[in-house]
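Residues per chain are reported as follows:
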Amino acid sequence: MITNLSDIPIFSGISENDLQQILLLLKERQFKKNHMLMFENDESEDIYIIRSGKLKIFRLHEDKEIVLSFALPGEILGEVEALSLVNYRISSIEALENVAAWQIKKTDFLELVEQYPAILRNAYRILVERTRILNRLIRYLSLYDVRTKVANLLVDFYFNFGDQSNDGYKVDLKINQSFLATMLGITRESMSKTLNEFQDEKIIEIREKNIYIVDMKKLESICNQAEEIQMLRKWNSM
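Predicted, not measured: the structure shown is a model, and the values here were computed from it. Along every chain, residues carry numbers that run from 1 in the direction the sequence is written. Totals for whole chains, interfaces and linings use all residues, but because this is a predicted model, local features are given only for residues with pLDDT of at least 70 and pairs of side-chain atoms are given and counted only at 80 or more. Calculation of side-chain values draws on the structure's entire complement of heavy atoms; hydrogens and water are dropped beforehand.

## Structural notes on the overall build of the protein
For clarity, the threshold we go by: Comment: elements are numbered from the N terminus, with helices defined as DSSP H or I runs of at least four residues and strands as E runs of at least two. What the globule rule says is 2.2 Å times the number of residues to the power 0.38, and the radius of gyration is computed from C-alpha atoms. Each residue is assigned to one of three classes by its accessible area relative to the maximum for its type, calculated with a 1.4 Å probe on protein chains only: buried under 20%, partly exposed between the two thresholds, exposed over 50%. Two residues form a contact once any of their heavy atoms are found within 4.5 Å. Where accessible areas are quoted, they stem from the Shrake-Rupley method and a 1.4 Å probe; at the residue level, only the protein chains shown are allowed to cover. Charge counting treats Lys and Arg as positive and Asp and Glu as negative, with His and both chain ends excluded. Each charge is placed at NZ for Lys, CZ for Arg, CG for Asp and CD for Glu.
Assigned secondary structure in the protein consists of eight helices and twelve strands. By the compact-globule yardstick of 18 Å for 238 residues, the protein fits well, its C-alpha radius of gyration being 19 Å. Seen through its principal axes, the protein has C-alpha atoms that stretch 55 × 40 × 35 Å. The burial tally for the protein puts 47% of its 238 residues in the buried class. Of the contacts formed within the protein by residues at least 6 apart in sequence, a portion of 70% connects residues at least 24 apart. With the model as given, the accessible surface of the protein reaches about 12,700 Å², and the carbon-plus-sulfur share is 48%. Taking the 31 positively charged and 36 negatively charged side chains of the protein as two groups, their mean positions are separated by 3 Å.

The following block contains the structure:
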């Protein structure tokens, strides 16, 4: 649970005294798993700063869900719309688990931007990071075969949710195969087939819905140099 605004990238570079004043503008919110914080194309203005929990960012097309990325503790949601000329939400956001957040009104956020130019600079950096993530996802969707797509996604997951253990490299994120498939634009059957192949080749193991990478070098060899600078796989490098 994040308790200090100094741990929030959007407020990087602001003094502790000023952060205490900003804290007065924030409202504490709690959301249950599966709660929808935003719906794409809705006209709403609230901005959320995630303190704990994970959320998925996605879009719907003809009842088909396309998962674009995750939102993790420390991230801000809704600031892009607040800084633009229209309030329509770019995407939908749903809690994957119970979420604690701070909420701030658009008018208050824009006043902070005027008062603290560092917030606008930080927002630009965050936007660049999100664009980098989407660019890599587009490469996965359009340029690679299924094995290469799945291998890259698993390595991305390790960089963002991974923890090295005696049993290998654990991806500490319990999600089902259908969810993984929606991130790559493939069928659940293709995802299941590929994960089974990786298990047969002793590249990964799946235990209690957690994925363990037991042969990282072999998995990375399948990635086909999709990310030459491996640390760029981090979804939040600020």
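Right, picking up where we left off after that structure.
## A few points about the packing of helix H5 (residues 146-161) against helix H7 (residues 188-200)
This is how the line gets drawn: Axes here refer to lines fitted to C-alpha atoms; in helices the fit is confined to the stretch in contact. Angles between the N-to-C directions go from 0 to 180 degrees. Working definition: roughly parallel below 35 degrees, roughly antiparallel above 145 degrees, roughly perpendicular at 65 to 115 degrees, and oblique for all remaining angles.
Two elements in contact, H5 and H7, have axes whose closest approach is 10 Å; the angle formed by their N-to-C orientations is 75°. When the axes of H5 and H7 are compared, the pair comes out roughly perpendicular. On H7, the residues that touch Val146, Arg147, Val150, Ala151 and Leu154 of H5 are Ser190, Met191, Thr194, Leu195, Glu197 and Phe198.

## A few points about the pairing of strand E12 (residues 210-213)
Filter applied, for reference: Only strands that DSSP links by at least two bridges are regarded as paired with each other.
Both faces of E12 are covered, namely the face carrying Asn210 and Tyr212 and the face carrying Ile211 and Ile213. With three bridges joining them, strand E10 (residues 168-171) and E12 adopt antiparallel strand pairing. If you follow valine 171 over to E12, its bridge partner there is isoleucine 211. Pairing of strand E11 (residues 204-207) with E12, which is carried by four bridges, proceeds in the antiparallel orientation. Bridge pairing in E12 places arginine 207 opposite asparagine 210. Here E11 folds back onto E12, and the loop between the two strands holds two residues, one of which, glutamate 208, carries a positive phi near 55°.

## Re empty space enclosed by the protein
Worth spelling out the cut-off: Grid points spaced at 1 Å and placed over the protein atoms alone form the basis of the search, with a cavity being a set where a 1.4 Å probe fits but cannot get out and a pocket an open set showing protein on both sides within 12 Å along at least five of seven lines. Lining residues have an atom within 4 Å of a point. Grid points are joined across faces, edges and corners, and a volume is the space filled by probe spheres set on the points.
Scanning the model with the defined rule gives one cavity of 30 Å³ or more in all. Each pocket or cavity is described by its volume, and for the largest cavity that value is around 90 Å³. Lining the largest cavity we find Leu68, Ser69, Ile133, Arg136, Leu137, Tyr140, Leu153, Asp156, Met183 and Trp235. Mapped onto the lining of the largest cavity, the elements with two or more residues apiece are strand E5 (64-71), helix H4 (117-143) and H5.

## Quick word on the UniProt feature "domain: Cyclic nucleotide-binding" (unreviewed entry) in the protein
Definition in use: UniProt positions are given in the numbering used here, feature names are shortened, and annotations may be inferred rather than shown by experiment.
The positions UniProt marks with the feature "domain: Cyclic nucleotide-binding" (unreviewed entry) are residues 10-130. End C-alpha to end C-alpha, residues 10-130 measures 14 Å, and it is 31% helix and 34% strand.

## Observations regarding the UniProt feature "domain: HTH crp-type" (unreviewed entry) in the protein
When the UniProt feature table is mapped onto this chain numbering, "domain: HTH crp-type" (unreviewed entry) sits at residues 144-217. Structurally, residues 144-217 comprises 53% helix and 22% strand, and the distance from its first C-alpha atom to its last is 19 Å.

## Focus: the nonpolar core
Worth spelling out the cut-off: Among buried residues, the Ala, Val, Leu, Ile, Met, Phe, Trp, Tyr and Cys ones that are joined through side-chain atoms within 4.5 Å form a nonpolar core. What fixes the domain bounds is an automatic or database domain assignment.
Residues Phe70, Phe157 and Phe198 are the most contacted members of the largest nonpolar core, which totals 37 residues. Those elements that provide at least two residues to this core are E5, H4, H5, helix H6 (177-184), H7, E12 and helix H8 (216-222). The greatest single-element share of this core, amounting to nine residues, is contributed by H5. The two domains that each donate at least three residues to this core are domain 1 (5-140) and domain 2 (145-233). Apart from residues lying up to four places away in sequence, phenylalanine 70 is in contact with Leu55, Lys56, Ile57, Glu75, Leu96, Phe157, Phe161, Leu173, Phe179, Met183 and Trp235.

## As for the side chain of glutamine 177
Our working rule: Under the rule applied, a polar contact is a pair of N or O atoms within 3.5 Å (in protein, one hydrogen donor and one hydrogen acceptor; residues adjacent in sequence only if both atoms are side-chain atoms).
As for its placement among the helices and strands, glutamine 177 is situated in helix H6. Of note is the side chain of glutamine 177, whose polar atom sits 3.3 Å from the side chain of serine 192. Among all residues touching glutamine 177, those that are not within four sequence positions of it are Arg188, Met191, Ser192 and Leu195.

## Some details on the domain arrangement of the protein
Stated precisely, the cut-off is as follows: Summed over both partners, buried area is the accessible surface (1.4 Å probe) that two parts give up on being assembled. A pair is scored as a salt bridge if a Lys or Arg side-chain nitrogen falls within 4 Å of a carboxyl oxygen belonging to Asp or Glu. When residues are grouped by polarity, Ala, Val, Leu, Ile, Met, Phe, Trp, Tyr, Cys and Pro land in nonpolar, Asp, Glu, Lys and Arg in charged, and all others, Gly among them, in polar.
Taken domain by domain, the protein holds domain 1 (5-140) and domain 2 (145-233). For domain 1 versus domain 2, the separation of C-alpha centres amounts to 27 Å. Each partner contributes residues to the interface: domain 1 has 13 residues there, and domain 2 has 16 residues. With both sides pooled, the region where domain 1 packs onto domain 2 buries about 1,400 Å², and carbon together with sulfur makes up 63% of that total. Seen at the junction of domain 1 and domain 2, the total is one salt bridge. The partner of arginine 136 in a salt bridge is aspartate 156, with the nearest N and O atoms 3.4 Å apart. Summed over the shared surface of domain 1 and domain 2, the number is four residue pairs in polar contact (both at pLDDT 80 or more). When contributions to the side of domain 1 that touches domain 2 are tallied by element, the ones reaching two or more residues are E5 and H4. Per-element accounting of the side of domain 1 that touches domain 2 gives the leading share, five residues, to H4. By residue class, the composition of the side of domain 1 that touches domain 2 is seven nonpolar, no polar and six charged.

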